Amino acid sequence: VIMTPYLDLIGSSPVQGEENLNTKGPYIVVANHQANMDIIGMFEILPDQCTFIVKREILYMGPAGLASWLCGFIFINRRKKGDAIHVMSQVAQNMLWENFRVWVFPEGTRNFYNKASMLSFKRGAFHMAVQAQVPIIPVVMSSFSPFFSKSEKRFTPGECSKILAPIKTQGLGPDDVPELTERVRDVMISTYHNISEDAVGYQGARQ
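Residues numbered from 1 in each chain as written. Predicted model: local features only at pLDDT ≥ 70, side-chain atom pairs only at ≥ 80, totals over all residues. Heavy atoms only, no water.

Draft legend 1. Here's a closer look at the sheet that holds strand S2 (residues 28–31). Spatially, seven strands are ordered S1-S9-S6-S2-S5-S3-S4 in an open sheet, and the strand pairing comes out mixed. Strand pairing shows two members of the sheet lacking a second neighbour, strand S1 (15–16) and strand S4 (74–76), which therefore form its edges. Two elements, S2 and strand S5 (residues 101–104), share three bridges in a ladder whose sense is parallel. Residue pairing across strands places Val-29 opposite Trp-103, the latter belonging to S5. (Pairing = 2+ DSSP bridges. Helix = DSSP H or I, 4+ residues; strand = E, 2+ residues; numbered from the N terminus.)

Written as C-alpha cells, this is what we have:
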C-alpha cells in the first residue's frame, strides 16, 4: 500500500507492476484485504472502468453505504449462496457486454491480524472469471505493521503494493476453479511475504 511516494529512495514508480493493468478489455482484480486502510492503496492502483463486488452489509453503513451505491458497487448477500451465485453470474455476462472490470477481495473479510498468511479464498471471483473467460490480475498489498499500529497510535509513510501478471482463464471450466483459486492464493501469499520484507526495509531506511 502506498501512503506516500518514495521515489527519492528507489527512483521508480511507487507501485510495482503497473504495466500489468494495461491489459485490454474486461478482467477481474483480486486483492488481499487487511483493513479499511486498503482504500488508500486501492485508489492508487484502481484501473479505469472498474467497479467493486462487496458484501451487502456495506449498503447499510450510513454515508459510506450511500456513496458505495452511488458509485455503482455491486452488492452480494453472503448469507444466501444462491443469490450471490446469481449476482456473480450476471456480472460475468455484463462485464463482457459493457466492457468493465471488477475488483474483488476473495478473503471475504478483513485479515489485519493474520500477518503470516491470508484467509481461505472464496471461489466466487474465480467462477466469474472462468465463466466470462477473462484474466485474473492479482494485487497484493504488504503488511501494514511496519508503518501502522492502532495501539501505538502510529501511522507513518510506508510502501508497498504489487500488481502481478494477468492469469489467463481461457479454456478453463468449473472443475478447474478449485485449483485456480489455490494457485492464485499461493502466488499472492508468496508475493505478500516478499513485499512485506521490502516494506520493513523501507521503514528502516527512513529511521
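Draft legend 2. The arrangement of the confidence of the model for the protein chain in detail. Confidence in the prediction of the protein chain, expressed as mean pLDDT, is 79, and 75% of residues score 70 or more. Here residues 1–12 is modelled with pLDDT under 50, and outside its nearest four sequence neighbours on either side it reaches 38 contacts, counting other chains as well. Residue range residues 200–207 is modelled with pLDDT below 50. Its contacts to residues more than four positions away, or to other chains, number 13 contacts. (pLDDT = per-residue confidence, 0-100. Contact = heavy atoms within 4.5 Å.)

Draft legend 3. Representation of the nonpolar core. With 34 residues, the main nonpolar core has Ile-28, Val-30, Ile-53, Val-102, Phe-126 and Met-128 as its most contacted residues. It is helix H6 (residues 177–206) that contributes the most residues to this core, seven residues altogether. If we ignore the near neighbours within four places in the chain, the residues touching Val-30 are Val-104, Pro-106, Ala-125, Phe-126, Ile-136, Ile-137, Pro-138, Val-139, Val-184 and Met-188. Counting residues in hydrophobic clusters, the runner-up holds 19 residues, among them Val-15, Tyr-27, Ile-45 and Trp-103. (Core = buried A, V, L, I, M, F, W, Y, C linked by side-chain atoms within 4.5 Å. Buried < 20%, exposed > 50% of the residue type's maximum accessible area, 1.4 Å probe, protein only.)

Draft legend 4. Molecular detail of helix H5 (residues 124–132). Every buried residue of H5 is listed here: Ala-125, Phe-126, Met-128, Ala-129, Val-130 and Ala-132. Just downstream of H5, Gln-133 is the residue with a positive phi angle, here 55°.

Draft legend 5. How the structure looks around the packing of helix H4 (residues 81–98) against H5. Two elements in contact, H4 and H5, have axes separated by 9 Å at closest approach and are oriented at 40°. As summarised for this structure, H4 and H5 are arranged oblique, according to the angle between their axes. Considering how the two elements wind past one another, H4 and H5 form a crossing that is right-handed. Contacts between H4 and H5 pair Met-88, Ser-89, Val-91, Ala-92, Gln-93, Met-95 and Leu-96 from the former with Gly-124, Ala-125, Met-128, Gln-131 and Ala-132 from the latter. Broken down by class, the residue content of the contact of H4 with H5 amounts to eight nonpolar, four polar and no charged. (Axes fitted to C-alpha atoms, helices over the stretch in contact; angles between N-to-C directions. Parallel < 35°, antiparallel > 145°, perpendicular 65-115°, else oblique. Left-handed = near helix turned anticlockwise from the far one by under 90°. Nonpolar A, V, L, I, M, F, W, Y, C, P; charged D, E, K, R; others polar.)

Draft legend 6. Quick peek at unusual backbone geometry. Positive phi values are uncommon outside glycine, yet Asn-99 reaches one of about 60°. Turning to its location among the elements, Asn-99 is positioned in the loop between H4 and S5. On the accessibility criterion, Asn-99 (34% relative accessible area) is partly exposed. With phi around 55°, Gln-133 is a residue other than glycine that occupies positive phi space. Tracing the backbone shows Gln-133 in the loop between H5 and strand S6 (136–141). Residue classification places Gln-133 among the partly exposed residues on the basis of a relative accessible area of 29%.

Draft legend 7. Structural detail: the environment of Thr-169. Inspection of the secondary structure puts Thr-169 in the loop between strand S9 (161–163) and H6. According to the relative accessible area criterion, Thr-169 is buried, its value standing at 0%. Along the backbone, Thr-169 and Ala-132 are 37 residues apart, and their C-alpha atoms lie at a distance of 8.7 Å. Each residue touching Thr-169, except ones within four places of it in the same chain, is listed here: Ala-129, Val-130, Gln-133, Val-134, Pro-135, Ile-136 and Leu-180. Of note is the side chain of Thr-169, whose polar atom sits 3.3 Å from the backbone oxygen of Ala-129. Within polar-contact distance, the side chain of Thr-169 engages the backbone oxygen of Val-134 at 2.8 Å. (Polar contact = N/O pair within 3.5 Å; in protein donor to acceptor, adjacent residues only side chain to side chain.)

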